[in-house]
2 protein chains.
Amino acid sequence: MMNRNTYLKLTGLEEARALLFERCASAKTGPLGTECIPLEQALGRTLARAATAGVSSPAFHGAAMDGIAVVAENTFGASERRPKELRLGQEAHWINTGRILPPGCNAVIMVENVISGPDRDYVSIEKAAFPWQNVRKLGEDMVATEILLAPGVLIGPYELGALAAAGVLRPEVFIRPRVAILPSGSELITLHEASPELLAAGEKLPEFNSLMLAALVREAGGEPQVMPIVPDDAAKIAEALRSAAQSDADLIVINAGSSAGSKDYTAAVIAELGELWLHGVAMMPGKPTAFGGIPGKDGRLKPVLGIPGYPVSAMLSFEQFGQPLLALWQKRSMPERPLELAVACQALPSRPGMEEFLRVKLGRVDEKLIAVPLPRGAGTVSSLSRADGIIRIPAQSEGFGAGATVPVRLIRGRDQIEKSLLIIGSHDNTLDLLDSFLRTRRPGHSLTSAHVGSLGGIMALKNGNCHLAGSHLLGADGLYNREAIAIHLRKQDNTEGARDAYGGMPVHLVRLADREQGLILSPGNPKKITSLADLQKPGVTFINRQRGSGTRVLLDSRLKELGINSDSIAGYEDEEYTHMNVAAAVLSGRATAGLGVKAAAQALGLDFVPVGVEEYDLLIPDRFFNDLRVQALLETIRSAEFKAAVFALGGYGIERTGDLVWSFAG
Amino acid sequence: MMNRNTYLKLTGLEEARALLFERCASAKTGPLGTECIPLEQALGRTLARAATAGVSSPAFHGAAMDGIAVVAENTFGASERRPKELRLGQEAHWINTGRILPPGCNAVIMVENVISGPDRDYVSIEKAAFPWQNVRKLGEDMVATEILLAPGVLIGPYELGALAAAGVLRPEVFIRPRVAILPSGSELITLHEASPELLAAGEKLPEFNSLMLAALVREAGGEPQVMPIVPDDAAKIAEALRSAAQSDADLIVINAGSSAGSKDYTAAVIAELGELWLHGVAMMPGKPTAFGGIPGKDGRLKPVLGIPGYPVSAMLSFEQFGQPLLALWQKRSMPERPLELAVACQALPSRPGMEEFLRVKLGRVDEKLIAVPLPRGAGTVSSLSRADGIIRIPAQSEGFGAGATVPVRLIRGRDQIEKSLLIIGSHDNTLDLLDSFLRTRRPGHSLTSAHVGSLGGIMALKNGNCHLAGSHLLGADGLYNREAIAIHLRKQDNTEGARDAYGGMPVHLVRLADREQGLILSPGNPKKITSLADLQKPGVTFINRQRGSGTRVLLDSRLKELGINSDSIAGYEDEEYTHMNVAAAVLSGRATAGLGVKAAAQALGLDFVPVGVEEYDLLIPDRFFNDLRVQALLETIRSAEFKAAVFALGGYGIERTGDLVWSFAG
């Protein structure tokens, strides 16, 4: 057996961060320096020292309006009945906004209230000026020596203006902390070496964490430097770390190799070169985080952060440790993501003892903010790019039940979330296409979709957890969706007890597309499958869709018609949640056949044997039908461009796309 | 009289913006192009086209854990009592996280659950593996051809990762709109030409709006180019605009000259060179906004935005028109500032017919978010850099009364506002110093101060509108603050009616500093003023502080002692709100003398004749005394560094700084 490390213990997240901060603030590591830079380059930097006004602004009493400058006391007594004449050049002086008042003047009369005389020597006024009217007084904005901006202030557009007005042309700011990023792993190749063929061969993975980490470093005001990939070799890792410690980097981030696997050398190498402060944090993803210090050029310890290799783990770990440290060094706090309360649309179980970071999609349905969980895997980087928010499930919690109110930190802006429509139900590729068209046609609008199958969508609609449901449920009546709607969304009197009382939900059924469903097969169809009956052949493995999905209902209905027992189909119990994942299972050889839409087969270059055409509809509650967001969506669905794009996917009928096909009174 | 334009009419803000959008979307102006750029440069750019996965990720079934890869079916039946042996290299294969599964394998058993045999040929397991356990399946994150990111998505760290994982190495993004910024005004000089002497002379003003505007352009994803300053000359403005229209700029911003003054040529020149679409918007600041289009190289109209010259007007106008236009061109929406409800701590009157943008400071006191207005002048750029939020008072409103609940858009982060202490009351320079020290010692903490005089502070405290009050009110008992506290914060039974019922507020009095108050005089004291009695001399003008301020109470008390009638003091009715503004009034010659602290006189190099030492205290309600923010503040006040800095200002006694001098039981 190979050598393996184990975590000595897992430390709680807050405790771990406090430890990192404490060690990095100690005399042995030392604080970051400051520099004075030209104001033109100061956007986004952090003030290191209070900025005091070098000059007063305005630097003189000036006109706040176009008009005449006067001595107010000379105008006293003027009225409509007894206008007062003022001699130009002596008692009155034409002046433009912003200009200095002539000596002795203490008021400006607006040009609109000045009557020019027959010659250019006199003007007359019908109203007295009071002292200091329409005058911007010296120091009205700021007075020399006044403290204008406190240290730790992030310099944005407004701060640039204040500094300029105060004559602070070279503000003192914290230096940008320099961060050396060392990707590690023998299996890694750079993005530009990564061809599709090389990736499919399975020995090599593209290295892109450094790209994301560099962006996080910039976000926190630091300056990233990405180093070459280091292989899984203790000596080479030690060499790379030692050389980074000798560089001018303020922080070293080594990505991957911090776990407890046989080739995870990070923690051991940090301990060997300097001090290991911590290994293992009770967070998920992100558990294999390690950090310590190794001596730099001046002999002081330079902090090293060892973060896990899975992209989601890497990001969350760096957000929890790296970004706050960079912010601390610049004496500013990282902006916290806004907190909202959301309702969990399904149960969110979690492992006690670990603080879990769950990525969710969000939608505002009626008054409730609904949270729909995304895949939890630490490798699914798309669960970050698709997330609207993150729910942190505390270490001592076993999670939340469906319907629980839970705090969520927003990744997207509130306005974006408020303007988004949440659709839950069956997965279809055209939903992503619809989102893209909607965003392009109506900037600001978007469609957020979560995939739980047709029936799951109808139940979510019933529970008020989404705006729309996508469904293709074949009923015993041979029609799509109507039976399921009539069963689940009808008014239910509570003869069987109050628990079942339900007022019914009027909904409209709008066709998204007609879809060709069929068997998705390996290229060339080596097993010669031509019908559902062939799924019983020896050596054939099927990949199924989950219970409650329309495709599963279609399959079971056809099997019943054909008198085929599902026990005779190998792999019937093996489920996937989307058409594309079914197609991927076939492509990888995991299964011989799966049932799904033609578009999925085409997308991956797989064979396809049609089984039938089905109707994929949007269920739109009557109370949302006139919502502007829904109207924008319908307008998009009905556009020629969208229909053409759906048609181009292959396997879709668009004759009835956008049609209101049925309305249900509830 | 000079030639003057007038606004034809003022257009409402929303209507004006809709007009700008409509004109800029028309065929005559045309949309922005797109470009494909290396992923490494894509941070902060906006996707122009949906990004679809070029490769599946993972591209193969891989191990999700370190351990052995197996065929799950071969492990069935293994148990603790009947462990199963697997032959290495045939039935079991050591595998590290992320690596491809050997052909046929469909599960991974964690290394912790693998027992190595006596030799290296066999391992044994005590538990069966189920199919696909610990396996990252092909396409688990994304499947080739799947839409990954919709158009209009802003590319952040997460999106970079998703694009990289999908093999999108050159995403198609909208080009950065290029914005030519033309500062105009004969009185303007560049920041680097602006010496304090030149500014004080009053003929020249430093041009810094372009610096702020360039930052706003960058914030909205555009690329600014600042052009040389154009003088107030119609021909030269026309020439500059014509040349900018021939350049590759997508938008031209001409700053200043858009008003209705005699030298405001912008609107007329736009009309002359092309089309003027609008002149005058019903917003304040920002009214003199104008826009139109002038022909570019290709003959199509290039939009020109004429924005007012006052810095606050320029920023707000560009935020309302320029930034949304740049966002629209990139098919994304500008992130809206978060909205909160705040309580107005004082009346906020506003002129009907104009939508007013009021800058406010904010503090969370008990449950209420309190808004304190900042100066309204369009020239006070510090009202932007000091603001925590902006209250928009609708055009049809006459404003809000004190205590009204009003929506406010946050400029600072919520967390920053929540951690800030709000102090209202008398102004003192040491408060700004205290804020600076607090922020440096305790990053994240801050002190927000609003200046309404000592009595105003006590009333704000009574009304629950602040955490702390700063006060130096001399009582008839010869002591500071105690009498005022006893009068205003004592329990008041409602014998005179329910309106006066008040439960009393226990407070603690902590000394901030002892202050030397005295007469602030022109350098060299030309009028030979040595006492308050000298304020009655002919030719002497006084500048007073506002009623309710401690300095005013001190003055009135001393005048009474000396038997001096305030009518005999010229300028007694002329009021300022801070010591620094009193000093500025003396420096500018507006007044001969004012009463204020020595520090203010010293800061501006003025003479000072001491009148007495007074006690400046912080009033801290008992319910906040143990608040962690207050404790951080007290710790800062008591630090040697802070005391030394206060002492260095001059005119302050620090012997009792930080002492708890009195407690009041309410």
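Residues numbered from 1 in each chain as written. Chains lettered and ligands numbered in written order. Predicted model: local features only at pLDDT ≥ 70, side-chain atom pairs only at ≥ 80, totals over all residues. Heavy atoms only, no water.

Tell me what's going on with the pairing of strand S4 (residues 67-70) of chain A, and back it up with residues and numbers.
Residue and element names in this part refer to chain A. Across four bridges, S4 lies against strand S6 (residues 92-95) in antiparallel orientation. When the bridges of S6 are listed, Ala69 appears paired with His93. Bridging between S4 and strand S7 (residues 107-110) involves four bridges; their strand directions are antiparallel. Note on S7: the bridge partner recorded for Gly67 is Met110. (Pairing = 2+ DSSP bridges. Helix = DSSP H or I, 4+ residues; strand = E, 2+ residues; numbered from the N terminus.)

Which residues make up the packing of helix H5 (residues 209-219) of chain B against helix H8 (residues 311-329) of chain B, and what values go with them?
All names here are of chain B. Closest axis-to-axis distance for the H5/H8 pair is 10 Å, and the angle between their directions is 25°. The orientation of H5 with respect to H8, classified from their angle, is roughly parallel. Considering how the two elements wind past one another, H5 and H8 form a crossing that is right-handed. Contacts between H5 and H8 involve Asn209, Met212, Leu213, Leu216, Val217 and Glu219 from the first element and Pro311, Ala314, Met315, Phe318, Glu319, Gln323 and Leu326 from the second. Of the residues assigned to the contact of H5 with H8, the class counts are nine nonpolar, two polar and two charged. (Axes fitted to C-alpha atoms, helices over the stretch in contact; angles between N-to-C directions. Parallel < 35°, antiparallel > 145°, perpendicular 65-115°, else oblique. Left-handed = near helix turned anticlockwise from the far one by under 90°. Contact = heavy atoms within 4.5 Å. Nonpolar A, V, L, I, M, F, W, Y, C, P; charged D, E, K, R; others polar.)

Give me the environment of Ile109 of chain A: which residues, what numbers.
All names here are of chain A. Checked against the element boundaries, Ile109 lands in strand S7. A relative accessible area of 4% places Ile109 in the buried class. Between the C-alpha atoms of Ile109 and Phe130, which are 21 residues apart in sequence, the distance is 9.5 Å. Leave out the neighbours within four places in its chain, and Ile109 touches Asp66, Gly67, Ile68, Val70, Thr75, Val114, Ile125, Ala129 and Gln133. (Buried < 20%, exposed > 50% of the residue type's maximum accessible area, 1.4 Å probe, protein only.)

Give a description of the domain arrangement of chain A that names residues and reports values.
Residues and elements named next belong to chain A. Each assigned domain of chain A is listed here: domain 1 (13-39 + 171-329), domain 2 (62-136), domain 3 (341-462) and domain 4 (509-664). Placing a centre on the C-alpha atoms of domain 1 and another on those of domain 3 gives a separation of 31 Å. On the side of domain 3, 16 residues touch domain 1, which itself brings 15 residues to the contact. For the pair domain 1 and domain 3, the summed buried surface comes to about 1300 Å²; carbon and sulfur atoms form 72% of the total. The largest contributions to the domain 1 side of the interface with domain 3 come from Ala282, Met284 and Val312, which together make up 43% of the buried area. Applying the counting criterion to the domain 1 and domain 3 interface returns one salt bridge. (Domains from an automatic or database assignment. Buried area = accessible area lost by both parts, 1.4 Å probe. Salt bridge = Lys/Arg side-chain N within 4 Å of Asp/Glu carboxyl O.)

Describe the sheet that holds strand S13 (residues 178-183) of chain B, with residues and values.
Residues and elements named next belong to chain B. Strand order across the open sheet formed by six strands is S16-S13-S17-S21-S20-S18, with mixed pairing between neighbours. Sheet topology places strand S16 (223-226) and strand S18 (275-279) at the edges, where each strand pairs with a single neighbour. Sheet twist, expressed as the mean angle between neighbouring strand axes with direction ignored, is 20°. Across the sheet, helix H1 (residues 13-25) lies against S18, strand S20 (290-295) and strand S21 (301-307), angled at about 160° from S18, the strand it touches most.

So, the layout of surface pockets: which residues are in play, and what are the values?
In this model, the second largest pocket occupies a volume close to 570 Å³. What lines the second largest pocket is a set of 26 residues, among which Ala50 and Ile147 of chain A together with Leu433, Ser436 and Phe437 of chain B lie closest to the centre. Those elements that place two or more of their residues in the lining of the second largest pocket are helix H11 (429-441), helix H16 (598-603) and helix H19 (640-649) of chain B. No other element matches H11 of chain B, which puts seven residues into the lining of the second largest pocket. By residue class, the composition of the lining of the second largest pocket is 12 nonpolar, seven polar and seven charged. Both domains that furnish three or more residues to the lining of the second largest pocket are identified here as domain 3 (341-462) and domain 4 (509-664) of chain B. (1 Å grid on protein atoms, 1.4 Å probe; cavity = no way out; pocket = protein on both sides within 12 Å on 5 of 7 lines; lining within 4 Å. Points joined across faces, edges and corners; volume = space filled by probe spheres on them.)

Account for helix H11 (residues 429-441) of chain A, with residues named and values stated.
Residue and element names in this part refer to chain A. Counted at 1.5 Å a residue, the expected span for H11 with its 13 residues is 18 Å, and the 19 Å between its end C-alpha atoms agrees. Burial analysis of H11 places 10 of its 13 residues in the buried class, which makes it a mostly covered element. Those residues of H11 that fall on the buried side of the exposure criterion are Asn429, Thr430, Leu431, Asp432, Leu433, Leu434, Asp435, Ser436, Leu438 and Arg439. (Expected span 1.5 Å × (residues − 1).)

Residues and numbers for the relation of the copies chain B and chain A, please.
Superposition of the two copies of the chain requires a rotation about an axis and a shift along the axis. If you rotate chain B by 180° and push it 0.0 Å along the axis, it lands on chain A with an RMSD of 0.1 Å. The transformation just described matches what one would write down for a two-fold rotation axis. Scanning chain B for the C-alpha nearest the rotation axis identifies Pro338 of chain B, at a separation of 4.4 Å. Comparing interface residues between copies, 100% of those in chain B also lie at the interface in chain A; the contact surface is shared. (Least-squares fit on C-alpha atoms with pLDDT ≥ 70 in both.)

Quick one: what's the story with the environment of Asp574 of chain A, residue by residue and with numbers?
Relative to the helices and strands, Asp574 of chain A is located in the loop between helix H14 (550-562) and strand S34 (575-576). Overall, Asp574 of chain A belongs to the partly exposed group, its relative accessible area being 24%. For the pair Asp574 of chain A and Gln546 of chain A, spaced 28 residues apart in sequence, the C-alpha separation works out to 8.5 Å. Excluding residues that lie within four positions of it along the chain, Asp574 of chain A makes contacts with Phe542, Ile543, Asn544 and Arg590 of chain A together with Trp132 of chain B.

Can you lay out the sheet that holds strand S5 (residues 84-87) of chain B for me, pointing to particular residues and giving the numbers?
Residue and element names in this part refer to chain B. Within the open sheet, the three strands sit side by side as S5-S9-S8. Their pairing is antiparallel. The open sheet terminates on both sides in strands that have one partner only, identified here as S5 and strand S8 (114-116). For this sheet, the mean angle separating the axes of adjacent strands, direction not counted, is 35°. Where S5 and strand S9 (residues 122-125) come together, four bridges link them in antiparallel fashion. Residue Leu86 lies in a different strand from S9, and its bridge partner there is Val123.

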